[in-house]
Amino acid sequence: MSYTSSTYLFFLAAVFFVYYIIRPKYRMYVLLVANILFYLAAGWDQFLVLLLAAAVSYAAANKMGDLHAAFKEKKKQGDLDRKQIKQLKEENKQQRKRILIRGLILNIGILIVFKYTNFLLGSAYSILDLLGIGHGTQLFRLIMPLGISFFTFQILSYMIDVYKGKVEPQRNFLKYLLYISFFPSVVQGPIPRYADLGTQLYEEHKFEYDNLRDGCILILWGFAKKLILAERLGTFVEQIYGNYTMYTGVIFLVATAAFSIQIYADFSGCMDIASGTARLFGIRLAPNFLRPYFSKTMPEFWRRWHVTLGNWFKDYVFYPISISKFSLDLNKKARKRFGNEVGRIVSSSIPILAVWLLTGIWHGASWNFVFWGLYYGILLLIEKFVLGKYLKKLPGVFQHIYCMFFVMLGWNLFVFDDMSAGISFARALFGTYGAGFCSRETLYLLYNNAVLMVLLILGSTQLPARAGNWICAKLRGKETILTIVKNVFYVGIFLLSVAWLVDASYNPFLYFRF
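Residues numbered from 1 in each chain as written. Predicted model: local features only at pLDDT ≥ 70, side-chain atom pairs only at ≥ 80, totals over all residues. Heavy atoms only, no water.

**Quick look at the side chain of S57**
Right, on to step 1. Within the secondary structure layout, S57 lies in helix α3 (residues 44–76).
Right, on to step 2. By relative accessible area, S57 is classed as buried at 0%.
Right, on to step 3. A distance of 3.0 Å separates the side chain of S57 from the backbone oxygen of A54, its partner in a polar contact.
Right, on to step 4. Dropping the residues within four chain positions of it, S57 is found in contact with N107, I155, Y158, M159 and Y176. (Helix = DSSP H or I, 4+ residues; strand = E, 2+ residues; numbered from the N terminus. Buried < 20%, exposed > 50% of the residue type's maximum accessible area, 1.4 Å probe, protein only. Polar contact = N/O pair within 3.5 Å; in protein donor to acceptor, adjacent residues only side chain to side chain. Contact = heavy atoms within 4.5 Å.)

Given below as structure tokens:
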């Protein structure tokens, strides 16, 4: 069920109506039923995978919670000295760690089986071909469950937080399933933490007009980004990427810039719809985009793009590796043998490369995503240890150009599953085919999309925000007129979105495949 379909809007309206007409203490179960129906629309077999992952993590978390409670109970009895308490604490920790490891292995295993089986088999077959060893050709036809990468990370963070004692385990399985399967965020995120989302889901929310208004505006913005911007750009980008041998010169740069805006409009539009949907029920999801294309450095860009994923890797991969015994020992040995500076570089490089390798793998079961992740890992290291001190001395506009150039270059790795096609496109982008700067076909395509390109250029600046602020300033004190102007604007966006919705064929959000 696509977020930008009429089916979803009718579904959302029905859930909203039922949610607020029943007694507040039962409203969370309305959301649970809605979650199940939403997921069943993708297929009952996919829902069974979600249910299995939830059951495994539920059991593991509750077992760890029991061990926490048992330790606290023994400690309260007061008949243990400090040494015995310390020993008991360590034994309890080791028991919890064993349960955590089993839970992590099982849930990561579910992710690997349903998302990466064909990729792993295909890679193995390629190696066998190189060695001249015969093999079968049939791959498993496993359907990747909707949002499996997202709900798996929710599950992993929940189990780790329970292990550390940061959150209490949820003893009610239905409430826990509500958290794991929350339909606004289960497909594309944001990736919520139990401490943030769980408490909100279980509260008794009352109807508030502000939530209805803000939620509808966010959903409207999401529809506009997806249907008006991303879909129109997608048609243009597909024309170039799918037929790049027909074009030459500047069109490749234009297509790369267009895809950069398309993926932002597509993904952030989905986040707006997800956040707006949750807001209708009085629930606030974490922000996932903070104007990333206004960044001036690579680290800044990734603090603004897909914020919840970046925070997840920082908390559950980067920091644990950085303070691990292996990393600390390696740091000491490197400093002792090569000096403090080399030791610092070595110890910093391992967690950064690990994070970005896993980030690439998380995004997709294909080698281009692996290289995309390593591309950013290496780029971040180069900026951290070599370019950073020079970039700080440049004017802000040049820092921005530097950042956007490498971001757009990275999207070409991201979009081409076929590595040979990606390499050919990159060669064409940099003009190594010896083609001219512009051709008749290029001029024709640019002419047909001239209005779209102008709107994109204007939309990529501060002009729309400044224009809105200027109008609001001019109408200050004239609240009635300002309200009319805002409503006319929103109605215009709504009508355009409806027109594109009626006309458009089914084009799922780009991140649906993750």
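What follows continues from the structure just given.
**Looking at the environment of V30**
Right, on to step 1. Positionally, V30 belongs in helix α2 (residues 27–40).
Right, on to step 2. Assessed through its relative accessible area of 14%, V30 is described here as buried.
Right, on to step 3. The spatial distance from the C-alpha of V30 to the C-alpha of L178 is 9.8 Å, given a sequence separation of 148 residues.

**A few points about a positive patch on the surface**
Right, on to step 1. Together, K75, K89, K93 and K97 make up a region of like positive charge exposed at the surface.
Right, on to step 2. The leading source of residues in the positive patch is helix α4 (residues 82–131), at 3 residues.
Right, on to step 3. With respect to the secondary-structure elements, K75 resides in helix α3. (Patch = residues over 30% accessible without salt bridge, like charges linked within 9 Å, V, L, I, M, F, W, Y side chains within 5 Å. Areas by Shrake-Rupley, 256 points an atom, 1.4 Å probe, with all protein chains shown as cover. Salt bridge = Lys/Arg side-chain N within 4 Å of Asp/Glu carboxyl O. Lys, Arg positive; Asp, Glu negative; His and termini not counted. Charge placed at Lys NZ, Arg CZ, Asp CG, Glu CD.)

**Some words on the nonpolar core**
Nonpolar side chains tend to gather and get buried jointly when the protein is soluble and globular.
Right, on to step 1. Residues L31, F281 and W411 are the most contacted members of the largest nonpolar core, which totals 125 residues.
Right, on to step 2. It is helix α9 (residues 251–280) that provides the largest number of residues to this core, a total of 15 residues.
Right, on to step 3. The contacts of L31, once residues within four sequence positions are left out, are V15, Y19, L178, F182, F183, L201, F281 and I283. (Core = buried A, V, L, I, M, F, W, Y, C linked by side-chain atoms within 4.5 Å.)

**Here's the deal with the packing of α2 against helix α6 (residues 173–180)**
Right, on to step 1. Where α2 contacts α6, the axes come no closer than 9 Å and their chain directions differ by 60°. On the basis of their axis angle, the class for α2 and α6 is oblique. Viewed along their axes, α2 and α6 form a crossing whose handedness is left-handed. Across from M28, Y29, L31, L32 and N35 in α2, the residues of α6 making contact are L174, K175, L177 and L178.
Right, on to step 2. Among the residues forming the contact of α2 with α6, the class breakdown is 7 nonpolar, 1 polar and 1 charged. (Axes fitted to C-alpha atoms, helices over the stretch in contact; angles between N-to-C directions. Parallel < 35°, antiparallel > 145°, perpendicular 65-115°, else oblique. Left-handed = near helix turned anticlockwise from the far one by under 90°. Nonpolar A, V, L, I, M, F, W, Y, C, P; charged D, E, K, R; others polar.)

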